[in-house]
Amino acid sequence: MSLLTNVMDHSLDDGYAEAAARKRSEGAAGMPRTVRAKLGLAAGLVLAALVVTVGAAQARIAAPTVAKERQELIDRIQRETAAADKLEGTVDKLRDDVSARQRAALRQDGGGDPADLVGILSGAVAVHGPGVKLVVDDAKEATTGGDGNPRETSGFSDTGRVRDRDLQRVVNGLWESGAEAIAINGQRLTALSAIRAAGDAILVDNRPLVPPYTVLAVGDGERLSARFQNSADGLYLHALQENYGIRTGISTEGDVRLPAAPSVIVRTAQPSTEKGTS
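Let me begin by describing the structure that accompanies this report. (Residues numbered from 1 in each chain as written. Predicted model: local features only at pLDDT ≥ 70, side-chain atom pairs only at ≥ 80, totals over all residues. Heavy atoms only, no water.)

## Remarks on the packing of aromatic side chains
Put simply, the test is: Only the six-membered ring of Trp is used, alongside the rings of Phe and Tyr, when aromatic pairs are assigned; centres must lie within 6.5 Å, and planes under 30 degrees apart are stacked while those over 60 apart are edge-to-face, with the rest tilted. Lysine and arginine charges are scored as sitting over a ring when NZ or CZ, respectively, is within 6 Å of the ring centre and within 35 degrees of the ring normal.
Taken as a whole, this structure holds zero aromatic pairs when the rule is applied. Taking the ring centre of Tyr 236 as reference, the NZ or CZ of Arg 169 above it sits at 4.2 Å.

Structure (structure tokens):
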């Protein structure tokens, strides 16, 4: 009981009690006790207040100048923008005038409309004319590759299936042989077209196609057919037929009709006004 009574009577350790008493004797809140220390503290407070006051005054003085410079910059940007818009409008008018004069000169000389030529070459308009019809199909007993994906086998077309790279070579060979417009299964090709694979399907501009793949090309039919079959890409296609059973057939046509491309959107390219150098 004496121990319990002692703990209850002396809950605070004697060492803590002595430290608290010594702190009270040295001065509460740690405030300076000498006149020099008090003057130093007062001077520091006055200096801090002076710095804050001077900063606020300078900010108030500079604010109108900054606002004025900002407004002048905004006005200058608006003036330059208006001038640029005016010049752009002038350029558009001059470009339209030049185009109109070119069309008039072509009509006077018996030529065609350059807009029609641009539409044909870009795939923006439907076209027809003599050409060739090339049909490419999988082998009769086509198999899948070792990984189950017939379009992504690393070797030659040993699966008997036509791959995206095979159609790429066919199309490039036709372009090189003189084709002026090409479509695959009714899908018109443009300068922005891509032939890719996705699983078991071949995509042309992200549209899946299924075999047989009918490639129509507008051009000088007899010449186009002969040049393609004698080209490296034509011989490549013949090798697929001989070695892996891929079925192909090419014929000349008196009138091949190709649809227009679904959309031809150019976001970056601009016509160049610079003359070419020889």
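Don't stop here, the text continues.
## Here we look at helix α7 (residues 232–244)
We count it as follows: Working definition: helices are DSSP H or I runs of at least four residues, strands are E runs of at least two. Numbering for both runs from the N terminus. Here a helix's expected span is defined as the number of its residues, less one, multiplied by 1.5 Å. Any residue under 20% of the maximum accessible area for its type is buried, any over 50% is exposed, and the rest in between are partly exposed; the area is computed with a 1.4 Å probe on protein chains only. By definition, the arc is the one covered by directions from the helix axis to the C-beta atoms. Residue contacts follow a heavy-atom distance rule, with two residues in contact if any of their heavy atoms lie within 4.5 Å.
Spanning 13 residues, α7 covers 18 Å between terminal C-alpha atoms, matching the ideal 18 Å at 1.5 Å per step. Turning to α7, its buried residues are Asp 233, Gly 234, Tyr 236, Leu 237 and Leu 240. Down the axis of α7, the buried set is contained in an arc of 160°. They therefore lie on one face. More than 90 degrees from the buried face of α7, the exposed residues found are Ala 232, Leu 235, Glu 242 and Asn 243. Against β1 (127–137), α5 (164–176), α6 (221–230) and β8 (247–258) lie the buried residues of α7.

## Details of the pattern of salt bridges
Any two side chains of opposite charge can pair, so long as their charged atoms come close to each other. Rule in force here: Any carboxyl oxygen of Asp or Glu that lies within 4 Å of a side-chain nitrogen of Lys or Arg is treated as forming a salt bridge with it.
A full pass over the atoms with the stated rule returns five salt bridges. Across the pair Arg 163 and Asp 166 runs a salt bridge whose closest N-O atoms are separated by 3.6 Å. Exposure remark for Arg 163: the relative accessible area of 2% places this residue in the buried category. Among the residues examined, Asp 166 registers a relative accessible area of 2% and is labelled buried. A salt bridge links Arg 257 to Asp 255; the shortest N-O distance between them is 3.4 Å. We classify Arg 257 as exposed; its relative accessible area is 58%. Since its relative accessible area comes to 42%, Asp 255 is described here as partly exposed.

## Comments concerning the sheet that holds strand β3 (residues 187–188)
How we decide: One requirement defines pairing of two strands: DSSP has to find at least two bridges between them. Orientation is described by lines fitted to C-alpha atoms, with helices fitted over the stretch in contact, and by angles between N-to-C directions that extend from 0 to 180 degrees.
Taken together, five strands build an open sheet; the order of strands is β3-β2-β7-β1-β8 and the sheet is antiparallel. Each edge of the sheet is formed by a strand with only one pairing partner; in this case those strands are β3 and β8. The pairing of strand β2 (residues 181–184) with β3 spans two bridges and is antiparallel. When the sheet's bridge partners are listed, Ala 183 is paired in β3 with Arg 188. Set on the sheet, α5 makes contact with β1, β2 and β7 (213–218); between it and β2 the angle comes to about 160°. Across the sheet, α6 touches β1, β7 and β8, and the angle it forms with β8 is around 155°.

## What about unusual backbone geometry?
Cis geometry marks the peptide bond from Pro 211 to Pro 212; its omega dihedral reads 0°. At Asp 205, a residue that is not glycine, the phi angle is positive and equals roughly 55°. With respect to the helices, strands and loops of the structure, Asp 205 is situated in the loop between β5 (201–204) and β6 (207–209). The backbone of Asn 206 sits at a positive phi, close to 65°, despite the residue not being glycine. Position of Asn 206 among the secondary structure elements: in the loop between β5 and β6.

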